[in-house]
Amino acid sequence: MLLRLELRGVDIGSRWQELAAYLQPRIHEHTLAFLDLQYIYALVRGGKDDWVVEMLESMQTHGEKVLPYARRTWVEVGVPAARGMIAHACGDWKCAIAQLEAVLPDLYSTGGSHAQQDLFEQIYLDALIRDRQYHKTLNVLEKRNASRGNIPVIQRELANTYSQLGRSDEAHQASQLALELSQRYQKVEQTV
């Protein structure tokens, strides 16, 4: 939740530091790679660098020792994704992109629902935007728009990306749609 809020520009104050203190007992837990990816991100954002190193090493060791059917998930997907999460949390957009791009198609194997898995694509998208890789950004946004086009934030991101690419007509259309959708959702909220 904290990461989703931050990705939308919400200042969450010291909550990462507060959360990180509770994660130390989970460093060697490795129930699901999906959970480890969230834990390691929180540890980085919480300033627990020693714990981050310990957890990443523990994930690697676990991946090498786990039963063969789960080894690929940990070694080829979970650990590289963890490196991508660490890079994003540290603001190293290029590394985050490189690590996450390679494993995004296989992240489903780490566990979690479709909605939970979507967080990783949002992190990848955020890194693309911050690194100003607008052609790749547009590719991701157009896919997201095709599957969930009635979301104002997607339209706003499309408008910004089209604008950065010099596609002013499409930027204007996306911006207008974002405004219309926001107003429509506000009306619905007022009636509820």
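In this text, all values refer to a predicted model and were calculated from it rather than measured experimentally.

Within the protein, the secondary structure is distributed over ten helices and zero strands. The helix and strand sequence of the protein, counted from the amino end, reads α-α-α-α-α-α-α-α-α-α. Expressed as lengths along the three principal axes of its C-alpha atoms, the size of the protein is roughly 55 × 35 × 30 Å. Residue burial in the protein is summarised as follows: out of 192 residues, 43% are buried. Restricting to contacts in the protein with at least 6 residues of sequence separation, those with at least 24 account for 54%. Roughly 10700 Å² of accessible area belongs to the protein as shown, and the carbon and sulfur atoms make up 50% of that amount. Taken as two groups, the 21 positive and 24 negative side-chain charges of the protein have centres that lie 3 Å from each other.

This brings us to the packing of aromatic side chains. A full pass over the atoms with the stated rule returns two aromatic pairs. With 5.8 Å between their ring centres and 90° between their planes, phenylalanine 34 and phenylalanine 120 make a pair best called edge-to-face. Of this pair, phenylalanine 34 sits in helix H3 (residues 33–45) while phenylalanine 120 sits in helix H7 (residues 114–130); the two residues are 86 residues apart in sequence, bridging distant segments of the chain. Given a relative accessible area of 5%, phenylalanine 34 falls into the buried group. Geometry around tryptophan 51 places lysine 48 over its ring, the cationic atom sitting 4.9 Å from the centre.

So, about unusual backbone geometry. Phi angles above zero are rare outside glycine, and histidine 30 is one such case at about 55°. As for its position among the elements, histidine 30 is in the loop between helix H2 (15–20) and H3. By relative accessible area, which is 8% here, histidine 30 ends up buried. Positive phi outside glycine occurs at arginine 132, with the angle close to 60°. Along the chain, arginine 132 turns up in the loop between H7 and helix H8 (134–147).

Let's shift gears to helix H9 (residues 152–164). The α-helix advances 3.6 residues per turn, and as a result positions three or four apart in sequence lie on the same side. Its 13 residues place the ends of H9 18 Å apart at the C-alpha level, agreeing with the 18 Å of an ideal helix rising 1.5 Å per residue. Every buried residue of H9 is listed here: Pro152, Val153, Ile154, Gln155, Glu157, Leu158, Ala159, Thr161 and Tyr162.

So, on to a nonpolar patch on the surface. On the surface, Met1, Leu5 and Val10 cluster together into a nonpolar patch covering about 290 Å² of accessible area. Here valine 10 shows up in the loop between helix H1 (2–7) and H2.

Parameters and conventions
Residues numbered from 1 in each chain as written. Predicted model: local features only at pLDDT ≥ 70, side-chain atom pairs only at ≥ 80, totals over all residues. Heavy atoms only, no water. Helix = DSSP H or I, 4+ residues; strand = E, 2+ residues; numbered from the N terminus. Buried < 20%, exposed > 50% of the residue type's maximum accessible area, 1.4 Å probe, protein only. Contact = heavy atoms within 4.5 Å. Areas by Shrake-Rupley, 256 points an atom, 1.4 Å probe, with all protein chains shown as cover. Lys, Arg positive; Asp, Glu negative; His and termini not counted. Charge placed at Lys NZ, Arg CZ, Asp CG, Glu CD. Phe/Tyr/Trp six-rings, centres within 6.5 Å; stacked < 30°, edge-to-face > 60°. Lys NZ or Arg CZ within 6 Å of the ring centre and 35° of its normal. Expected span 1.5 Å × (residues − 1). Patch = residues over 30% accessible without salt bridge, like charges linked within 9 Å, V, L, I, M, F, W, Y side chains within 5 Å. Salt bridge = Lys/Arg side-chain N within 4 Å of Asp/Glu carboxyl O.

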